[in-house]
Each structure stands twice: as C-alpha cells, then as structure tokens.
Amino acid sequence: MREDINEKCAVVGIFGHEEASKLAYFSLHALQHRGQEAAGISSSDGKKLHTIKDRGLVMQVFNEKNLETLSGSSAVGHTRYSTAGDDSILDAQPVFARYDLGEMAIVHNGNLTNAQEVRTSLIEKGAIFQTFMDTENLIHLIAKSPKDKLVDRIIDAVQRIEGAFSLVFLSRTKMFAMRDRFGFRPLSLGRLPNGGYIVASETCAFDLVGATLVRDVEPGELLIFEKDKAPQSIKVYEPTPKHCIFEYVYFARPDSTVYGQSVYQMRKNMGQALASVEPIEADVVIPVPDGGVPAAIGYSQKSGIPYELGIMRNHYIGRTFIEPTQEMRDLKVKMKLSPMIDVIKGKRVIVVDDSIVRGTTSRRIIRMLKEAGASEVHMRVSSPPTTDPCFYGVDTPSKDKLIASNMTNQEICDYIEADSLAYLDEDSLLKSVNSTVDEEKYCTACFTGKYIV
Ligand code: SF4
C-alpha cells in the first residue's frame, strides 16, 4: 500500500462514438488509481467544446445529468493526483482554451522538465497564466505558433517542451494523441466495438468499454483522429524508449498491458526473481495489499513457501476528505490495514511489498504483524531501493525523505524493525521485465539516479 509515491494523472480520449463522454467517464473509473483528487471531461459536438471538471473522485464529479451536457462523438478525460496544499480547481484538467483557430482542450500525463523556462519566456512576451500547471504552456505555445493548421501548431509546440508527456488534444472536429520521444508514461491505442477509437493511459480502460488493444502510441509519435479516416501517424521524434519501470513495479493496474507486456506477469516475475536472489526460510509468504500481491504470489511459487493473505485491506474508506499530508497518511494506514491473526500467529512470515519509500508504512506493518504474534518478520521488496525523486510525472518525496537515500540496508532493516530486509537488484528487475541494463529501454532513475533529461 503506497501512500507516499503517486502517479500524477491518467488520460483518455474517445473518438467516433455517439456516447463519447460516457465512455470517457467509464474509462476514468478504470483509471481512478492514477489520480483521486480531481477529474474532468471535455467533449466536442462538432461545433463547440463542453467541459466539466471538479475536485473529487470520478463518481463524485459526474452524474447522469451533467454527463448529458457533454454531448458529441469525441471526448477527452483526465484524473489527477494533487500535491499537498495544491487544491485549486483551476489545476484540474482538461485545460480548455479559445484561440484564433477555435476551441481546444488538452489532457496531460507527465511532467515538463523545462516548464519554468518556457513559462518565463512566454510571460516576458505578454502571456497571462491562469494556473500553475505546466500543461498551460502548451495552450500558449499552440496559440502563438505562426502555423496555419492545428496539427502543425501542435508539432511546433511539442518541439519546444521537454520531459515526460502523454497528451491528448481535442478540437471541434479532430483529436490528437502524442507521446514524448522517451515514452516515459504509457499511452495505448484501442479500437471501440463500433469502429471508433480510444487512447488511454492503461488498457484496463479498454476492457471496461469493450475496446481491443491495437498498439501503444509510439514514443515521439503524433496520432491524428479525423472523421471517417483511420488514425494518421506522424513521427515527430525518432523514438528513444525510456519507459518508466515503476509502472510495472507499482503504478499500473495488474490487469493492464503496459509497454506490450502484462503488468501482472511482470510483477509475478519480480517475485520469483526475488525468491531466487533473496531466499529465506519461513512458514508463510504474505503480501502488503494491494501492490505486493502479484510479487508475493511469484515469491511463493518459486520458493514453495505457502502464500496466504496475512493482512486485510479495508477498501471502503473514502478518499475525498483525506489530503496527502504525513499526518493523514499515518491515520490512513491504521484505518486501512488489519492483521489476520490466525495466519500470522507463531509463524515466520515473509512480507512482500513493491517498494519502500519513507519506511514509515513498512515499520507500522511490521509492528502490526509482530503484535499479531508473528515469531519473525522478513521484509522482501520487489524493486531496488528507491533512492532518488522522479521528475517525469510521478509525485515522490524529496531525496532527504527517501529512506534508502539516507540509510544503509541494515539501518533501514533496524528502522522498520524487520528480522531481515532484502530488495530485488536492478539486473534482476530488468530481467523480470524481459530487458537488460545494456538495452537501456527503461527509465530506472528513482533507483539509480541516472536521469535521462
Ligand atoms: S524516475 Fe522512477 S518513477 Fe520516474 S519515470 Fe523514472 S522509473 Fe518512473
């Protein structure tokens, strides 16, 4: 259960379906795990764009009545995670604007690394910003571009930005999807049952609306959706894949296919690798729910140690009143997790989690297991130590708050009060996702400090 590292957003785009906004709504439900603080949808009826966005979960922002106002056969949607203290509705997406070519709405997953530089230069030229979002830079860059067509303006604009972006743009008649040259954040293309198209951060959204996966939007590719035409592809950049490996470790839903591979299978592979490189004698393997479940299953399968549910998670705790602050995180762990005493009492327990960020959650879980009667608790982590913050669209604590950045493994083990602690090493992690260090296909910066941009 990760309360201290979060995806910032999810995006979806629907094109060529008469119930576009409803499909966007259902897709956002499937993508809710990527952001719970705000949600929004813009639709186009061919003449005008309609937008609804607000703070809250998808089911709180939308209802049957307001969805009816989002008419048209194309729509883009967004869910957002906000950082502490940042509660402005203005920072919810889609970002909507009127400009000389008409109307436009943009949804963005990622983080622009040169956002401040671009913003300062735009402000010096007279631009007025309404929000703190780096996404607003794109609106200004598109509006100010001297090109005649929107597609050329989008290409112009994305060539001025750097960093991580999976973007979907909606105009009155077209939709555009674009991924940065590194493909940091996922974005997949699917086909709707009626022949329309969907793009979404994860394929779990496709399953819900009955879409079939066509392929990923390639790194550096711009897809153009136009009525009665197959999507047109423009290679804006030569692709240089550096996919976020943390999608496999924690962010993506296990029932999604990300970067062409099953997230569930990748996580099980990590657990199996962990059992091979970090074995220990024990009576039972239990996961930290929900993130540690597939890796714990993999660990159990490889080691032959029985898998049990040793910790129950209470899923029925609302999120809206809980702000992402340390105090609330502490309370939330107590509210959310409880031990299965019959499974744990008197047992040597291996507890598997996907990562350790600050260490406070792990310590509480291990204390809870010991209080429930575990004779030993061995912590196994299905990724390397998280030592560095992310600048590519994931909300991580600063380096001084990352426990692995400030303590040795033994010190962390002592701090979390485990009988032993072991992590999956970088080589084994990459092998688990069918890659190698030499291939350099994945971003691993939060484990290695090797930043790409
Ligand atoms: S730094 Fe970590 S979380 Fe950020 S993109 Fe790279 S692997 Fe993903």
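Residues numbered from 1 in each chain as written. Predicted model: local features only at pLDDT ≥ 70, side-chain atom pairs only at ≥ 80, totals over all residues. Heavy atoms only, no water.

### Things to note about the overall build of the protein chain
Looking only at helices and strands, the protein chain features 17 helices and 25 strands. Here the C-alpha radius of gyration of the protein chain, 22 Å, is about what a compact globule of 453 residues would show, namely 22 Å. Here the C-alpha coordinates of the protein chain stretch approximately 70 × 45 × 40 Å along the principal axes. Taken over 453 residues, the protein chain has a buried fraction of 59%. Distance between charge centres in the protein chain, computed from 53 positive and 60 negative side chains, equals 3 Å. (Helix = DSSP H or I, 4+ residues; strand = E, 2+ residues; numbered from the N terminus. Rg over C-alpha atoms; globule rule 2.2 N^0.38 Å. Buried < 20%, exposed > 50% of the residue type's maximum accessible area, 1.4 Å probe, protein only. Lys, Arg positive; Asp, Glu negative; His and termini not counted. Charge placed at Lys NZ, Arg CZ, Asp CG, Glu CD.)

### Brief notes about helix α5 (residues 135–144)
Side chains that are three or four residues apart share a direction in an α-helix, a result of its 3.6 residues per turn. Summarising burial for α5: eight of the 10 residues are buried, a large majority. Against the buried residues of α5 lie β6 (95–99), β7 (102–112), α4 (115–124), α6 (150–158) and β8 (163–170). (Contact = heavy atoms within 4.5 Å.)

### A short note on the side chain of Ser432
With respect to the helices and strands, the residue Ser432 is situated in helix α16 (residues 426–432). Not counting chain neighbours up to four residues away, the residues in contact with Ser432 comprise Met266, Asn269, Met270, Ala273 and Leu424.

### Focus on the sheet that holds β6
The antiparallel open sheet is built from six strands, whose spatial order is β6-β7-β8-β9-β13-β14. Sheet topology places β6 and β14 (232–235) at the edges, where each strand pairs with a single neighbour. With strand direction ignored, the average angle separating the axes of adjacent strands in the sheet is 20°. In the packing of α5 onto the sheet, the strands contacted are β6, β7 and β8, and the crossing angle to β7 comes to about 135°. (Pairing = 2+ DSSP bridges. Axes fitted to C-alpha atoms, helices over the stretch in contact; angles between N-to-C directions.)

### Here's the deal with the sheet that holds strand β24 (residues 420–423)
Within a sheet, each strand pairs with its neighbour through backbone hydrogen bonds, oriented either parallel or antiparallel. With parallel pairing, four strands are arranged side by side in an open sheet as β18-β21-β22-β24. In the strand order of this sheet, the two ends are held by β18 (284–287) and β24, each with one partner. Averaged over neighbouring strand pairs, the angle between their axes works out to 20° when direction is ignored. Relative to β24, strand β22 (residues 376–381) runs parallel, the two being bridged by four bridges. Across the sheet, residue Met379 finds its bridge partner in β24, namely Leu421.

### A word on the domain arrangement of the protein chain
On domain assignment, one finds that the protein chain holds domain 1 (6–241) and domain 2 (265–432). Distance from the C-alpha centre of domain 1 to the C-alpha centre of domain 2: 34 Å. (Domains from an automatic or database assignment.)

### Notes on the side chain of Ser21
With respect to the secondary-structure elements, Ser21 resides in helix α1 (residues 20–30). Contacts of Ser21, omitting those with residues within four sequence positions, involve Ile41, Ser43, Leu67, Leu70 and Ala75.

### Regarding the site of the ligand
With respect to spatial proximity, the complete set of residues near the ligand consists of Arg185, Cys244, Ile245, Phe246, Cys390, Tyr392, Val394, Cys443, Ala445 and Cys446. Along the lines of polarity and charge, the residues of the shell around the ligand split into nine nonpolar, no polar and one charged. (Near = heavy atom within 4 Å. Nonpolar A, V, L, I, M, F, W, Y, C, P; charged D, E, K, R; others polar.)

### Regarding the pattern of salt bridges
Counted by the stated rule, this structure contains 18 salt bridges. Asp290 is paired through a salt bridge with Arg313; the nearest N and O atoms lie 2.8 Å apart. Here Asp290 is found in the loop between β18 and α10 (293–303), whereas its partner Arg313 is found in strand β19 (residues 311–313), with 23 residues between them in sequence. Each member of the salt-bridge network shares a partner with another, and the members are Arg34, Arg185, Glu202 and Glu247. (Salt bridge = Lys/Arg side-chain N within 4 Å of Asp/Glu carboxyl O.)

### Quick look at the pairing of strand β13 (residues 221–226)
Within β13, five of the six residues are buried, leaving the element largely enclosed by the surrounding structure. When strand β9 (residues 174–179) meets β13, the two strands line up antiparallel, connected through five bridges. Considered in β13, the bridge of Lys174 is made with Glu226. With antiparallel pairing between neighbouring strands as the criterion, β13 and β14 make up a hairpin whose turn holds five residues, including Asp228 at a positive phi of roughly 60°.

### Some thoughts on the nonpolar core
Judged by nonpolar contacts, the single largest core of 39 residues is most densely connected at Phe246, Tyr248 and Met270. Elements with a minimum of two residues in this core: α8 (246–251), α9 (263–277), α10, β21 (348–353), α16, β25 (442–443) and α17 (445–448). The biggest single contributor to this core is α9, with six residues. A domain split of this core shows at least three residues from each of domain 1 (6–241) and domain 2 (265–432). (Core = buried A, V, L, I, M, F, W, Y, C linked by side-chain atoms within 4.5 Å.)

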